[in-house]
Amino acid sequence: MKIYDYILCSGSGNRFLLFDTLRSDLSGLNIAAFAAEELHRFGVDGLLLLTRDGRGRFGMRMFNTDGSEAEMCGNGIRCVARLARERYPEATGERFAVTSGGREYRITCEEPIFGALPTFGAEIPLSLHGDDFPPSLPAEGFVGQPVPELDEGLAFTFLQPGNPHIVALVAPDSAWLFGSDGRLDTRRLAELGERANRMRGVFPRGINVSLFCRLDEGRIFAATYERGVGITSSCGTAMTSCATAAALLGLAGFDTTVEVWNRGGRVRCLPRRTQQGIVTRLTGDASRIRVVQNETLSSPQLPESLEYAPKRETKPSGDHFVSILDDPYSAVASISADCSAAIQQAIDDVYALGGGVVYVPAGIYTLSQPITVRPGVELRGSSDAPHHSQVSSTVFYT
């Protein structure tokens, strides 16, 4: 097996295997076949390549876990931008460009929005029509309209931020996204995405499908079915599309920042109307998990923690176990019910008993106050494997 250098990285919850083709010779590697057959071993969502053309422009190629190549990846392009900025500073600077799928995206270095993680913005032009959309799509675009062949009750907006998306606004308590207990449930979205991607007469090259809802002023939550992948914990171009659709539908204004949450994390989007059309700036983290040198591709394992995670004492120090859903805490997984006091009380009680686990089952929990996790207590959530599992994750909404 040939030995390669690579990087394990993450952008807003999307994890990638990243190769620098300027330093690594990949001529002996069938990239598409490797992505389809081997990526699952790394626990990542896709494979990224940093490239550079004859004109000196940096570029990105992105491969899904089924081996298909995506035209654009909003979370991945920030990881590629970070690598280019760190390894080739003389050719980048605070503002530079990265190409993907034949399009050029302007990249800016931004102030961190999540801890101290390196943060980048990508200026993403969006079209309201294109070859990936139905031939019957009106020239002025398709905004907030039904697609009867897919579902008569949802109003979709078609957007092309480098790859094709349809997104629909739903109510915050909609059964499309949440179960009767208020927890995130993506089974209906998965069925919708699978159905859409079987409709090749309508969507000739497949389609990414997202549903989003309003959380509060300036904040939305999005969930996505990604073509070639399935349900995804995070998708940068989907979050960009949902924020742009929110502006088109009047839910948020143009030239106003929209904070977009999903199961993987959050980003900030700034939709704008320009002379060239709609451009939305996607701003989010680009975190490095590990740099691997001189190892075969079959052996490495994804580490448990990211580079920015602080060193912790071993937890828990006791064997007590409580769930915040049980009495006397009775927390509710909901974006409207504040769980701060219930979670803090559970932590304090377990601490007083000598330590243990406070379990937060899958769902979205609203916190209006800071939570202090005491020594010897582990606050444990629930998470799923990227993309493929239908089991929900634990999400704190603040």
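The shown structure was predicted, so the numbers you read here are calculated from the model rather than taken from an experiment.

The rules behind these values
Residues numbered from 1 in each chain as written. Predicted model: local features only at pLDDT ≥ 70, side-chain atom pairs only at ≥ 80, totals over all residues. Heavy atoms only, no water. Helix = DSSP H or I, 4+ residues; strand = E, 2+ residues; numbered from the N terminus. Contact = heavy atoms within 4.5 Å. Areas by Shrake-Rupley, 256 points an atom, 1.4 Å probe, with all protein chains shown as cover. Phe/Tyr/Trp six-rings, centres within 6.5 Å; stacked < 30°, edge-to-face > 60°. Buried < 20%, exposed > 50% of the residue type's maximum accessible area, 1.4 Å probe, protein only. Lys NZ or Arg CZ within 6 Å of the ring centre and 35° of its normal. Expected span 1.5 Å × (residues − 1). Core = buried A, V, L, I, M, F, W, Y, C linked by side-chain atoms within 4.5 Å. 1 Å grid on protein atoms, 1.4 Å probe; cavity = no way out; pocket = protein on both sides within 12 Å on 5 of 7 lines; lining within 4 Å. Points joined across faces, edges and corners; volume = space filled by probe spheres on them. Nonpolar A, V, L, I, M, F, W, Y, C, P; charged D, E, K, R; others polar. Salt bridge = Lys/Arg side-chain N within 4 Å of Asp/Glu carboxyl O. Pairing = 2+ DSSP bridges. Patch = residues over 30% accessible without salt bridge, like charges linked within 9 Å, V, L, I, M, F, W, Y side chains within 5 Å.

## Considerations on the overall build of the chain
Scanning the chain for helices and strands turns up 5 helices and 24 strands. Taking all contacts inside the chain whose residues are at least 6 apart in sequence as the whole, residues at least 24 apart take part in 64%. Carbon and sulfur atoms make up 47% of the accessible area of the chain, which totals about 17200 Å².

## Looking at unusual backbone geometry
Following Asp327, the chain continues into Pro328 via a peptide bond in cis, with omega recorded as 5°. Despite not being glycine, Ser330 has its phi angle at roughly 50°, a positive value. Mapped onto the fold, Ser330 is located in the loop between β19 (320-323) and β20 (334-338).

## A few points about the packing of aromatic side chains
Within the structure shown, the criterion is met by 8 aromatic pairs. Judged by centre distance (6.2 Å) and plane angle (55°), the ring pair of Tyr6 and Phe19 falls under tilted. Within this pair, whereas Tyr6 is found in strand β1 (residues 3-11), its partner Phe19 is found in strand β2 (residues 14-20), the two being separated by 13 residues in sequence. Phe19 sits in the buried class, given a relative accessible area of 0%. Three or more aromatic residues joined by ring pairs form one cluster here, namely Tyr6, Phe19, Phe34 and Phe42. The ring centre of Trp176 lies 3.9 Å from the NZ or CZ of Arg188, which sits over that ring.

## Observations concerning helix α4 (residues 236-248)
In a regular helix each residue adds 1.5 Å, so 13 residues correspond to 18 Å; α4 covers 18 Å between its end C-alpha atoms and thus fits that length. When you tally the buried positions in α4, you get 12 out of 13 residues, the bulk of the element. Where α4 is concerned, the buried positions are Gly236, Thr237, Ala238, Met239, Thr240, Ser241, Cys242, Ala243, Thr244, Ala245, Ala246 and Ala247. Within two residues after α4, Gly250 carries a phi angle of roughly 85°, on the positive side.

## A closer look at the nonpolar core
Formed by 48 residues in total, the largest nonpolar core has its most connected members in Leu48, Met60, Ile77, Val98, Ile107, Phe212 and Val260. Once residues lying within four places of it in the same chain are set aside, the contact partners of Ile77 are Met60, Met72, Val98, Tyr105, Ile107 and Ala122. In terms of nonpolar packing, the next biggest core, distinct from the first, is built from 33 residues, Phe142, Val202, Phe221 and Ile364 among them.

## Looking at the layout of surface pockets
Roughly 310 Å³ of volume is contained in the second largest pocket. Taken together, 15 residues make up the lining of the second largest pocket; nearest its centre are Arg106, Glu123, Pro125, Arg272 and Val279. For the lining of the second largest pocket, the elements supplying multiple residues, two or more each, are β6 (95-100), β7 (103-110), β8 (119-126), β16 (265-274) and β17 (277-285). At 5 residues, the largest contribution of residues to the lining of the second largest pocket is made by β7. Counted by class, the lining of the second largest pocket contains 7 nonpolar, 3 polar and 5 charged residues.

## Focus on the pattern of salt bridges
Evaluated as defined, the whole model comprises 20 salt bridges. The shortest N-O distance in the salt bridge between Arg61 and Glu69 comes to 2.8 Å. Among the charged side chains, a salt-bridge network with shared partners connects Arg219, Glu259, Arg266 and Arg268.

## Considering the pairing of strand β10 (residues 151-159)
Bridge analysis of strand β9 (residues 145-147) against β10 gives 2 bridges, and the strand direction is antiparallel. In the sheet register, Gln145 faces β10, and the bridge partner there is Phe156. A loop of 3 residues connects β9 with β10, the two strands running antiparallel in sequence. As paired elements, β10 and strand β11 (residues 165-169) share 4 bridges and run antiparallel to each other. Following the sheet pairing, Phe158 is matched in β11 by Ile166.

## Points about a nonpolar patch on the surface
Taken together, the side chains of Leu169, Leu249 and Leu251 define a hydrophobic patch exposed on the protein surface, amounting to about 200 Å² of accessible area. On the secondary structure map, Leu251 appears in the loop between α4 and β15 (258-262). Judged by its relative accessible area of 31%, Leu251 is partly exposed.

## Description of the side chain of Ser241
Following the sequence through the fold, Ser241 ends up in helix α4. Judged by its relative accessible area of 0%, Ser241 is buried.

## Things to note about the environment of Gly206
Following the sequence through the fold, Gly206 ends up in the loop between α3 (187-198) and β12 (208-216). A relative accessible area of 0% means that Gly206 is categorised as buried. Expressed as a C-alpha distance, the spacing of Gly206 and Asn163, which sit 43 residues apart in the sequence, is 9.9 Å. Sequence-distant contacts of Gly206, that is, excluding residues within four places in its chain, are made with Pro164, Asn197, Arg200 and Arg227.

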